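Descriptive analysis of the structure
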Amino acid sequence: MTEKSLTFKKGTGNVKHNNREETFERDNIDISRKENNITIVKEDLKELYKNEFSQATEHYNNKPKKNGKKKTKKEQKGDYYKEIKNNKNGQKLCYELVVQIGDMNDTNCSSNPTDEIEILKKYAEDFQERYPNLKVFNAVIHLDEETPHLHL
């Protein structure tokens, strides 16, 4: 493989776009190649929040206040997913990393870049192990655009 650039960008976190669950009329997406996209991980974000935070939320709610009194319903935490979704401090439900090898001139999807696709797959599959405190719930390699790239 020739020397190529490696790009990491913060994405917008649009899971419906990443999974092509909606029709996206964009010049850079070739819908006829949508079936070529590779889904590595596809889990429900609400379910992830429930699995990751329900025990901590329950512990918080059952722990008495410093004065020993029980927390009122208003003081207790509810659905953590909804709490983050509705917050006003700019916190997001999820964050996205987009990883790309090369560019449309040296790694075009139409040229069948199998080596690059395998590297992106491996990167996605090993990500959770490398970063155990981050939870991957969605990972897709797009092959319906000019350059193969991973949404993680």
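Structural data are supplied above this passage.
The following paragraphs examine the structure supplied in this document. This one's a predicted model, so the numbers in the text were calculated from it and none came from an experiment.

We now examine the side chain of His 142. One can find His 142 in strand β4 (residues 138-142). Side chain to side chain, His 142 and Arg 20 meet in a polar contact 3.4 Å long. A distance of 3.1 Å separates the side chain of His 142 from the side chain of Glu 145, its partner in a polar contact. Beyond its immediate chain neighbours, meaning those up to four positions away, His 142 contacts His 17, Asn 18, Arg 20, Asn 37, Cys 109, Thr 147, Pro 148, His 149 and His 151.

Attention shifts here to unusual backbone geometry. Residue Arg 20 is not a glycine yet carries a positive backbone phi of 55 degrees. Tracing the chain through its elements places Arg 20 in the loop between α1 (15-18) and β2 (38-42). For Asn 112, which is not a glycine, the phi torsion comes out positive at approximately 55 degrees. By relative accessible area, which is 54% here, Asn 112 ends up exposed.

Let us look at the pattern of salt bridges. In total, this model carries eight salt bridges according to the counting rule given. Two residues, Lys 4 and Glu 116, come together in a salt bridge whose shortest N-O distance is 2.4 Å. You can see Lys 4 sitting in the segment before β1 (6-11) and its partner Glu 116 sitting in helix α4 (residues 114-130), a full 112 residues away along the chain. Ionic pairing is found between Asp 144 and Arg 20, a salt bridge with its closest N-O pair at 2.8 Å. Pair noted here: Asp 144 is in the loop between β4 and β5 (149-151) and Arg 20 is in the loop between α1 and β2, with a separation of 124 residues, a long-range link.

What follows is about the packing of aromatic side chains. Summed over the entire model, instances satisfying the criterion amount to seven aromatic pairs. Consider the rings of Tyr 49 and Phe 53, whose centres lie 5.3 Å apart with planes at 50 degrees: the pair is tilted. Of this pair, Tyr 49 and Phe 53 both sit in helix α2 (residues 45-62), four residues apart, roughly one helical turn. With relative accessibility at 9%, the residue Tyr 49 sits in the buried group. Looking at Phe 53, the relative accessible area reads 34%, which means it is partly exposed.

The next thing to look at is the nonpolar core. By size, the foremost hydrophobic cluster in this structure holds 15 residues, and its most contacted members are Leu 120, Tyr 123, Val 136, Ala 139, Leu 150 and Leu 152. Of all the secondary structure elements, the ones that give two or more residues to this core are β3 (96-101), α4 and β4. Top element by residues in this core is α4. It accounts for five residues. With residues up to four places along the chain from it excluded, the contact list for Ala 139 reads Ile 38, Thr 39, Ile 40, Val 41, Ala 124, Leu 150, His 151 and Leu 152.

The next thing to look at is the sheet that holds β1. With antiparallel pairing, the five strands of this open sheet are ordered in space as β1-β3-β5-β4-β2. Only two strands of the sheet have a single partner each, and these edge strands are β1 and β2. Geometrically, the sheet is characterised by an average inter-axis angle of 15 degrees between neighbouring strands, direction not taken into account. Two strands pair when backbone bridges link them, and β2 and β4 are joined in this way by four bridges, in the antiparallel orientation. Within the sheet, the bridge partner assigned to Thr 39 lies in β4 and is Val 140. Against the sheet, α4 touches β1, β2, β3, β4 and β5, its axis set at about 150 degrees to β3.

Conventions used here
Residues numbered from 1 in each chain as written. Predicted model: local features only at pLDDT ≥ 70, side-chain atom pairs only at ≥ 80, totals over all residues. Heavy atoms only, no water. Helix = DSSP H or I, 4+ residues; strand = E, 2+ residues; numbered from the N terminus. Polar contact = N/O pair within 3.5 Å; in protein donor to acceptor, adjacent residues only side chain to side chain. Contact = heavy atoms within 4.5 Å. Buried < 20%, exposed > 50% of the residue type's maximum accessible area, 1.4 Å probe, protein only. Salt bridge = Lys/Arg side-chain N within 4 Å of Asp/Glu carboxyl O. Phe/Tyr/Trp six-rings, centres within 6.5 Å; stacked < 30°, edge-to-face > 60°. Core = buried A, V, L, I, M, F, W, Y, C linked by side-chain atoms within 4.5 Å. Pairing = 2+ DSSP bridges. Axes fitted to C-alpha atoms, helices over the stretch in contact; angles between N-to-C directions.

Any link to function would need more than the numbers given here.
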